[in-house]
Amino acid sequence: MKTKAPRFYYMIPYYLWIVLFVVAPIALVVYYSFFNITGDFTFSNYQNFFSSVYFRMTLSSFWYAFLVTLITIAIAYPTAYWLTKTKNKQLWLLLIIIPSWINLLLKAYAFIGIFGLYGPVNKVISTFGSRQQILFTDFSFIFVAVYIFIPFMILPIFNSLDKLNPALFDASRDLGASSWVTFRRVIFPLTLNGVKSGIQAVFIPALSLFVITRLISGNKVITLGTAIEQQFLVTQNWGMGSTIAVFLILFMIIVMMLTGQKDRGGAISGKTK
Amino acid sequence: MGKLSKVAKLYLALVFFILYAPIFYLIFYSFNSGGTMSSYEGFTLEHYAAVFNDTRLIIILLNTVIVALLSSLIATAIGVLGAIGIVFLRNRNMRNAVLSLNTILIVSPDVIIGASFLILFTMVGVKLGFASVLISHIAFSIPIVVIMVLPKLQEMSSSLIDAAADLGASKRDILTRVIIPYIKPGIFAGFFLALTYSLDDFAVTFFVTGNGFSTLSVEIYSMARAGITLTINALSALIFIITLLLVVGYYFFNQRSRQPVETGGNKL
Amino acid sequence: MKEILRASIAILLIVALLFYGVSLLEKGSATTSGGTTITVFNWGEYIDPELIARFEEETNTKVIYETFDSNEAMMTKIEQGGTSYDVAMPSEYAIEKMKESELLLPIDHEKIPNLKNIDPYFLDLPFDPGNKYSIPYFWGTVGIAYNPALLEGQSFESWNDLWDPSLKEEVIIVDSAREAIGMGLNSLNYSLNSTDLSELRQATDKLKTLGPNVKAVIGDEIVEMMRREEAAIALTWSGQAADMMFVNENIDYSVPKEGSNLWFDNMVIPKTAGNAEGAHEFINFMLEAEVAAQNTSYVGYSTPNQAATELMDAEVIEDERFYPPEELRERLEVYKNLGPEMLGVYNELFLEFKMDMKN
């Protein structure tokens, strides 16, 4: 690595952004987390966080975020993989993103209709048996959450698959590897950066989902995001809301460290370790 | 297309079907004379007429698009330069720290971002309205751009840059001729997801807007208490169709205009 | 790189074009020239837009209309400033809070001659003695909306009827702590404004036993769910019940005998007002009998405007579900501002209920 860093002034806007819109709000959040609802300095918010209600909520929030991320990867990976093999692949990729430009609340209302007792899904089911309650279940929550996050997972995976050198496949095949082995030993490791990027863009936001926890799961699933929302907007207990946010940020840093790259270096040329 | 197996085609078809199902559902009801999304009574275009008669709604829509495009563009520029800077940071701890800071806005719930931006703006004395909304959208879109650009940067071989430097390329040339073309797919990915963030945001915009400036999301969310009208469905249908036409049109236009020059490689 | 530059320039051109479009539209829609402006901050779809146009024409005042989706979000905006809101429509408990935080300007009754149109029953209430800061806009109750077509003859004269084991997964509860815990309190014959921790504990425990009957805890979507007959029963506000009935005539609404909540949305002038004169004019305009009648038939909530009711359909006014008679009103309680700490307790208890609901 003999190239020197780019000139500093390229970075000025970015660092300015970090200071103004990241560090300042975080400082504010941490500051508020030490005040109770009547404005006195206290550590009670932190004690409160470890009380049973919030602790249970944290665990269940993690569990759902984990499920959502896992299923998103399972669906997004093959999609991205096959998309790279289509003729107008860039166009198809754009078509994956376009649905996400329609307002989320509207789409949630549409899902209420689709999954409803008299909606199209139940119409199909009713030809086989009796109507099912789909709304307000774990299934509908996870389905819609995965729906929301799919483009955020497909994009980075697609980009890492797209640039793979086809010669690699041939080499692997020439060496006698089956296509599964090729995938597991050659392709997947090379797209790991894309997957990690996707996890960062899905798992962390999944912890703080809030619109659909109410609309689609009827508050039967409660995430950390819902709780913060409530504390800020309903109870107006900014202290407790900030405390939960502080923990959310800590969890995020942990996730970042787990999915962070060990060392910089080309995956293509520098995977020699 | 011939390379795809039947299973693959079926799978992709299913994914696309599910992605578009709720949108078609919305569009279907935009033609409902019944007035709600619950029971379909008959065909009408009155909701479309209502869109064109509602000047306020159209102004809001145009403002929404302006904010989305402009904020995504600026956020992409800042984010790309930021990501390049992060990758070139030599100290690993430093790099991780900056990356964590970068991603905090993605994890922070919108209410917190909105409330803290509002405090920030009123402290500095920025007048709430277009400028404050634009700045906020830029701010919360930057991290997703960085996250989308990073994997491309990380897989770029450093020998590529070294080679360019050895050949006498200046720093500016390395940036514009080597790095940026290589990470272009990441840049576009970041831009499009920034658009997604901006178009969908309600909470942050609500807090930092004022003086009559509004976006479509704010409008839709505040309608929820009294019920969302089918005018909004009609409007969304129009947005969707126009977007689709623009994207597909632009793609094929681009495709045709450069076919003789380029030989594959970097598409889009 | 060339492609990126080209795309960027294309985007900038589009943006410039759109800016031009906005400026054309804004010029076209500005019907008044040289007049003053007022900014109205209201819930979405909570006023007949025709009336705004009429007000603009009659008074040569331009109305900037902004919307909010919760009292708390609205208060945060007003408290932080940055925008001059001249009229806002908060609920009554929010008014107490806003008074405490000195966010309101006193209303000059001399400038609101139409105040005489308001039914005296709705004036001088504990949340704002003498209506110093607020003028009632709409009002209503909390009760049970239900769809007899989906039920087997159950009726809801008492809150306890909801606990009927035959109603498994049928009840939707509104996502609001005071209403939900309040139902528990009401069903035990305690006050809706209880601050007694043991009463609140009992109410929460009672509410938890409702768990198996709860289908979901949701917000405004209740209206949509009931209209589509997705659910048979909902704990909700009378205004939402009216919205449901507007589309689905099967639905009925009842206020249980143990009592319930009486709520008000009111017009106030926030301290950020830049044009208090225009705000008074607007409030007075909204109180005109004919205007209020038209607004009421558009919004569908109950109006406190007596003069307006005389212009409206007798059928609407005599509907005791939405214009309850005196003896029922006696049993209704208006929320008091219990202070932030108590509100915190209500919310934690509600969260506890939600967390337990699934099991």
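Residues numbered from 1 in each chain as written. Chains lettered and ligands numbered in written order. Predicted model: local features only at pLDDT ≥ 70, side-chain atom pairs only at ≥ 80, totals over all residues.

Colleague: Even after reading the chapter, I still don't get the overall build of chain A, so can you show me in this structure?
Modeller: When you go through chain A residue by residue, the secondary structure sums to 13 helices and 0 strands. Overall, chain A shows an N-to-C arrangement of helices and strands of α-α-α-α-α-α-α-α-α-α-α-α-α. The C-alpha extent of chain A, read off along each of the three principal axes, is 70 × 65 × 30 Å. Across the 273 residues of chain A, 48% fall into the buried class. (Helix = DSSP H or I, 4+ residues; strand = E, 2+ residues; numbered from the N terminus. Buried ≥ 20, exposed ≤ 12 C-beta atoms within 10 Å, placed from the backbone.)

Colleague: Would you take a moment to explain the overall build of chain C for this structure?
Modeller: Each helix and strand counted, chain C has 14 helices and 10 strands in total. With the principal axes as the frame, chain C shows a C-alpha extent of 65 × 65 × 40 Å. Taking all 359 residues of chain C together, 48% fall into the buried category. In chain C, once contacts between residues fewer than 6 apart in sequence are set aside, the share between residues at least 24 apart is 76%. (Contact = placed C-beta atoms within 7 Å.)

Colleague: What am I meant to see in the interface of chain B and chain C here?
Modeller: As a measure of interface size, the accessible area lost when the parts come together is often cited. With 39 residues of chain B at the interface, the matching set in chain C holds 38 residues. For the side of chain B that touches chain C, the secondary structure elements donating two or more residues are helix 3 (55-88), helix 5 (110-124), helix 8 (171-182), helix 9 (184-200), helix 10 (203-208) and helix 11 (216-223) of chain B.

Colleague: For this particular structure, what's the right way to read the confidence of the model for chain A?
Modeller: Interpretation of this model should avoid reading the predicted coordinates in detail wherever pLDDT is low. With 92% of its residues at a pLDDT of at least 70, chain A reaches an overall mean of 84. Under a pLDDT of 50 for its full length, residues 263-273 of chain A has, in the predicted model, 17 contacts with residues more than four places off or in other chains. (pLDDT = per-residue confidence, 0-100.)

Colleague: Could you clarify how one ought to interpret the domain arrangement of chain C in this entry?
Modeller: Residue and element names in this part refer to chain C. Split by domain assignment, chain C resolves into domain 1 (35-137 + 266-317) and domain 2 (140-262 + 324-358). Between domain 1 and domain 2, the C-alpha centre-to-centre distance is 28 Å. At the junction of the two partners, domain 1 supplies 10 residues and domain 2 supplies 9 residues. (Domains from an automatic or database assignment.)

Colleague: I would appreciate a short explanation of unusual backbone geometry in the present structure.
Modeller: Backbone geometry follows two general trends: most residues other than glycine have a negative phi, and most peptide bonds adopt the trans configuration. Non-glycine residue F136 of chain A carries a positive phi angle of around 60°. Note that F136 of chain A resides in the loop between helix 6 (120-126) and helix 7 (138-162). Here F136 of chain A falls in the buried class, since 27 other C-beta atoms lie within 10 Å of it. Phi is positive for N60 of chain C, close to 55°, though the residue is something other than glycine. Within the fold, N60 of chain C resides in the loop between helix 2 (49-59) and strand 2 (61-68).

Colleague: What is the right way to look at the pairing of strand 6 (residues 214-218) of chain C in this model?
Modeller: The side chains of a regular strand alternate, first on one face of the sheet and then on the other. All names here are of chain C. Most of strand 6 is tucked away, with 5 of its 5 residues classed as buried. Pairing of strand 5 (residues 171-174) with strand 6, which is carried by 4 bridges, proceeds in the parallel orientation. What sits directly across from I173, in strand 6, is V217. (Pairing = 2+ DSSP bridges.)

Colleague: Mind showing me how you'd approach the environment of F34 of chain A here?
Modeller: All names here are of chain A. Along the polypeptide, F34 turns up in the loop between helix 1 (12-32) and helix 2 (44-49). We classify F34 as partly exposed; it has 17 C-beta atoms within 10 Å. When the C-alpha atoms of F34 and M240 are compared, they prove to be 8.6 Å apart, with 206 residues separating the residues in sequence. Ignoring sequence-local partners within four residues, the contact set of F34 consists of F41 and T42.

Colleague: What should I look at first to understand helix 8 (residues 238-247) of chain C in this one?
Modeller: In terms of residue burial, helix 8 of chain C counts as a mostly covered element, since 8 of its 10 residues are buried. Listing the buried residues of helix 8 of chain C in full gives S238, G239, Q240, A241, A242, D243, M244 and M245 of chain C.

Colleague: It is not clear to me how the pairing of strand 1 (residues 36-43) of chain C should be interpreted in this structure. Could you clarify?
Modeller: Residues and elements named next belong to chain C. Strand 1 sits mainly inside the fold: 6 of its 8 residues count as buried. Here strand 1 runs beside strand 2; their pairing, made up of 8 bridges, is parallel. In the strand pairing of strand 2, I38 is matched with V63. By the bridge criterion, 2 bridges tie strand 1 to strand 3 (residues 87-88) in an arrangement that is parallel. Residue pairing in the sheet places V40 in a bridge with V87 of strand 3.

Colleague: Any chance you could explain the interface of chain A and chain B here in plain terms?
Modeller: Listed as interface residues are 85 residues of chain A and, on the opposing side, 86 residues of chain B. At the level of elements, helix 1, helix 3 (52-83), helix 4 (89-97), helix 5 (104-115), helix 7, helix 10 (192-207), helix 12 (224-235) and helix 13 (238-259) of chain A are the ones that each hand at least two residues to the side of chain A that touches chain B. Tallying contributions element by element places helix 1 of chain A first for the side of chain A that touches chain B, with 11 residues. The residue makeup of the side of chain A that touches chain B, split by class, is 56 nonpolar, 21 polar and 8 charged. (Nonpolar A, V, L, I, M, F, W, Y, C, P; charged D, E, K, R; others polar.)

Colleague: Explain the environment of K215 of chain C here, please?
Modeller: Inspection of the secondary structure assignment puts K215 of chain C in strand 6. Judged by the 23 C-beta atoms lying within 10 Å of it, K215 of chain C is buried. Leave out the neighbours within four places in its chain, and K215 of chain C touches F136 and G218 of chain A together with E169, E170, V171, I172 and A231 of chain C.

Colleague: I would appreciate a short explanation of helix 9 of chain B in the present structure.
Modeller: Three- or four-residue spacings in an α-helix give side chains the same orientation, since the helix completes a turn every 3.6 residues. In a regular helix each residue adds 1.5 Å, so 17 residues correspond to 24 Å; helix 9 of chain B covers 24 Å between its end C-alpha atoms and thus fits that length. Here helix 9 of chain B lies mainly inside the structure; 17 of its 17 residues are buried. (Expected span 1.5 Å × (residues − 1).)

Colleague: Any chance you could explain the nonpolar core here in plain terms?
Modeller: Grouped burial of nonpolar side chains is what soluble globular proteins tend to show. Formed by 268 residues in total, the largest nonpolar core has its most connected members in A145 and F149 of chain A, V149 of chain B together with I172 and I233 of chain C. Among the elements that make up this core, the one with the highest residue count is helix 3 of chain B (19 residues). Beyond its immediate chain neighbours, meaning those up to four positions away, F149 of chain A contacts V68, T72, V202 and A206 of chain A. (Core = buried A, V, L, I, M, F, W, Y, C linked by C-beta atoms within 7 Å.)

Colleague: Before we go on, may I ask you to explain the packing of helix 12 of chain A against helix 14 (residues 339-357) of chain C in this structure?
Modeller: Helix-helix packing is described using two parameters, namely the angle between the two axes and the distance between the axes. Axis separation between helix 12 of chain A and helix 14 of chain C bottoms out at 11 Å; the angle between their running directions is 145°. The element helix 12 of chain A and its partner helix 14 of chain C pack so that their crossing is right-handed. On helix 14 of chain C, the residues that touch Q230, V234 and T235 of chain A of helix 12 of chain A are L343, G344 and N347 of chain C. A breakdown of the residues in the contact of helix 12 of chain A with helix 14 of chain C according to their chemical character gives 2 nonpolar, 4 polar and no charged. (Axes fitted to C-alpha atoms, helices over the stretch in contact; angles between N-to-C directions. Left-handed = near helix turned anticlockwise from the far one by under 90°.)

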